Structures are given as C-alpha cells and as structure tokens.
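Now for the letters of each chain:
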Amino acid sequence: MRYFKWGIVILLALLTFGFFHYTLPQHDVVRIVDTEVRRVDFGENSIFWASPDTGTDTAANRDVRFINAVYENGRVMVYRNEDTGWGWPPYFKLDSSNLQTEARDLASTSAAPRWVVIRHYGWRNEFMTIYPNAVSVRGVAGPDVQIIPWLNIIILTLLVLFIFWLWRVWRRFKERRIDPVLDEAAEAWDSVDERADAVRDRARGFWGRMMAWVGTWRSKPRE
Amino acid sequence: MFFQIARLAFFGFIVLTVLYVILSWYSRSIRRGKLETAFDEEVKTGDRDAFIKEGLARYDRSLRRKLILGVYVVPVIVVAALIYVTNFM
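A. Representation of the nonpolar core. Residues and elements named next belong to chain A. Of all hydrophobic cores here, the largest spans 17 residues; its most connected members are I32, I67, A69, Y79, I118, A134 and V137. Listed by contribution, the elements that provide at least two residues to this core are strand 1 (26-41), strand 2 (61-71), helix 2 (96-105), strand 4 (115-121) and strand 5 (133-139). With 4 residues, strand 2 is the largest single contributor of residues to this core. Apart from the residues lying within four places of it in its own chain, the contact partners of I32 are I67, A69, A103, L106, A107, S108 and V116.

B. View of the packing of helix 1 (residues 2-43) of chain B against helix 2 (residues 48-61) of chain B. All names here are of chain B. Two elements in contact, helix 1 and helix 2, have axes separated by 10 Å at closest approach and are oriented at 135°. Between helix 1 and helix 2, the angle is such that the two are oblique. The two elements helix 1 and helix 2 meet at a crossing, and its hand is right-handed. From helix 1, R28, R31, R32, L35, E36, F39 and V43 reach across to helix 2, where they touch R48, F51, I52, G55, L56 and Y59. Residue composition of the contact of helix 1 with helix 2, by class: 7 nonpolar, 1 polar and 5 charged.

C. Expanded view of the packing of helix 1 of chain B against helix 4 (residues 70-88) of chain B. Residues and elements named next belong to chain B. For the pair helix 1 and helix 4, interaxial distance at closest approach is 9 Å and the crossing angle is 140°. On the basis of their axis angle, the class for helix 1 and helix 4 is oblique. Here helix 1 runs over helix 4; the crossing is right-handed. Here G12, L16, L19, Y20 and L23 of helix 1 lie close against helix 4, whose contacting residues are V71, Y72 and P75. Here the contact of helix 1 with helix 4 is composed, by residue class, of 7 nonpolar, 1 polar and no charged.

D. Local environment of the interface of chain B and chain A. Every contact between the two is made by 12 residues of chain B and, on the other side, 14 residues of chain A. Looking at the side of chain B that touches chain A element by element, the count peaks at 6 residues for helix 1 of chain B. Grouping the amino acids of the side of chain B that touches chain A by side-chain chemistry returns 8 nonpolar, 4 polar and no charged.

Cut-offs applied
- Along each chain, residues carry numbers from 1 onward, in the same order as the chain's sequence is written.
- Following the order in which they are written, the chains are lettered starting with A and the ligands numbered starting with 1.
- In view of the model being predicted, local features appear only for residues whose pLDDT reaches at least 70, and side-chain atom pairs are presented and counted only at 80 or more, with totals across whole chains, interfaces and linings using the full set of residues.
- Definition of nonpolar core: a set of buried Ala, Val, Leu, Ile, Met, Phe, Trp, Tyr and Cys residues joined via C-beta atoms within 7 Å.
- To assign burial, the other C-beta atoms lying within 10 Å of each residue's own C-beta are counted, with C-beta atoms placed from the backbone; 20 or more indicates buried, 12 or fewer indicates exposed, and intermediate counts indicate partly exposed.
- Every helix listed is a DSSP run of H or I at least four residues long, and every strand listed is a run of E at least two residues long, numbered separately from the N terminus.
- Two residues form a contact once the distance between their C-beta atoms, set from the backbone, is within 7 Å.
- Note on geometry: axes are C-alpha line fits, over the in-contact stretch for helices, and angles between N-to-C directions span 0 to 180 degrees.
- For classification purposes, angles smaller than 35 degrees are called roughly parallel, those larger than 145 roughly antiparallel, those between 65 and 115 roughly perpendicular, and all remaining angles oblique.
- Here is the rule for handedness: rotate from the far helix to the near one, and if that takes an anticlockwise turn smaller than a right angle the crossing is left-handed, while a clockwise turn gives right-handed.
- The nonpolar class holds Ala, Val, Leu, Ile, Met, Phe, Trp, Tyr, Cys and Pro. Asp, Glu, Lys and Arg form the charged class, and all remaining residues, Gly among them, are polar.

Shown next, in the form of structure tokens:
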C-alpha cells in the first residue's frame, strides 16, 4: 500500500514536471541552416502538433513549416513552425509565415555563422517524430549569450503562490464549515454512546430483577 | 477563427467564474474574521451578530469587493498583450 501511494505521488510529480517542461518556453542558441515546408499526415503523434494557420480550414493532413538548425557543438535540431492560434498552449502565435521569413533571413553557413536565439516549446522525439514549436527568433552576437528565463520564473512563482493560496482557502473552509460539523457529529456520537451505556445499565438492572424474580420460583431449601 | 475564439472565451469564462467564486468567498470570510476580531477586542458591547452583519453589508457595497471583477478583466488584457508581443513586436 505504501509503495502504491508513493508510486502515485511520483507519477503525478513526473506528469506535472513533464507538462511544464513541454509547455513553458525554452531558448536555444543555434545557427539556422535551412527552412522548409513539407506535408505531414498526423497519426498517433497528432497530440504533439498544434493547429493549422488561424483562419484556414482544418484537415487530416497539411503542410507544416520547419526550421533546421545546428547547435554550436554540431548537434542538430529541427523545429516546426506552426500557429498555436487560440488553443493550447496559450502562446497566441498567429504569425508562422512571418517567423518563417525571419528565420530564412537569418540563415547562415558554417563558414560564416550567424547565431540566433530560438524561443520554442515542446520536445524533439525521433520515435514519435515530434518537433518543438518555434515561437520567435532573434539574432545574437555570439553562441555564448546568457539568457535569463524571466517568464518561466514569473509563471512558476505565481503558480507556487496560487497553490499556497488555494491550500490556505481550503484550510479556512475546513476550519469554518467542516470541522464544526465533524465536532457536532462527534458530540452526537458521544451522546449516542452515553445513551447506549445507560440503556445497558438499565438492561442489566432489568435482567437482574428478572433473575431475582425467577429466583423466587426456586424451591427453597426445606427447613 | 471565430469558432476558436468563442471556444476560448467559453472555457475561459467557466474557469474564471470558478476562480471568482472562490476568491469572493475567501475575501468575504477574511472580512468576517476581521470584524469578529474587531468586535471582540475593541467594541465588546452591543449585538455581535448585528455588528458583523452591518460590517459585511458595508463590505458588499465597497469598491474592494468590486475589484474582484478584475478576475475577468486582467486575463483579457494579458491575452491582448501576449498577442501583441508574440506576433507584432
């Protein structure tokens, strides 16, 4: 039972961490090598794709823009570039075409690299064929810029404060509405208990009287 | 596009209403607690229930209570700001 409980707790913690790790923005310093558009048929991985361009129709498959990039250490990353529109996650990104143009404009070769910061959310996974979604791109001086994730700091702080507040509201509610009822119930239970004791005493008295009465039938020892 | 906006508005409204109800209940109970302490420590004479009832009625008319409606206003401003920052900056 204890293992089961801890299993549930760990599972919930992992899910929460995964949710925020997927949804919150992250920054990569990369060099853009190419941009492309290709047709994607969504399958089991459809949950990891956002929405078609806002205002256009939804279909089972569509063209998706991609940005191909290389890290400073030579590893590669491929971003998709999709509108999130009015849905989840709430980036309200409507300008994928513009972003694609900016990315194309910042593309460079390894001989003359131009470093950019790509803000994105999501994961790259080769087994599921999923890509992080690029949200914005801007040029930086070099590959070793320091980026402070202010938005994540603010959001996570607010989240912790909100959870703490909910906990306080719950405690207050419990103190004012639930504990009195429980106390009343406990009192009621005590009085039931007392009454039961009294009844048992009286019963014993009654039984005792009964036996005494029965006892009067017994033959008395002859004198 | 309008369907998506309507859907966002619909679910947003539900979530924010839940938040609004919790927040106003919490704020009112805080006010009640303050009134109770004020009566027990300062006023001490007269009808305790009437004192609290009157204080809460004054609270219901106050600006502070109407500020809780900001629960509906602030997210709309945040969304508008997000749209601007993400797409047009």
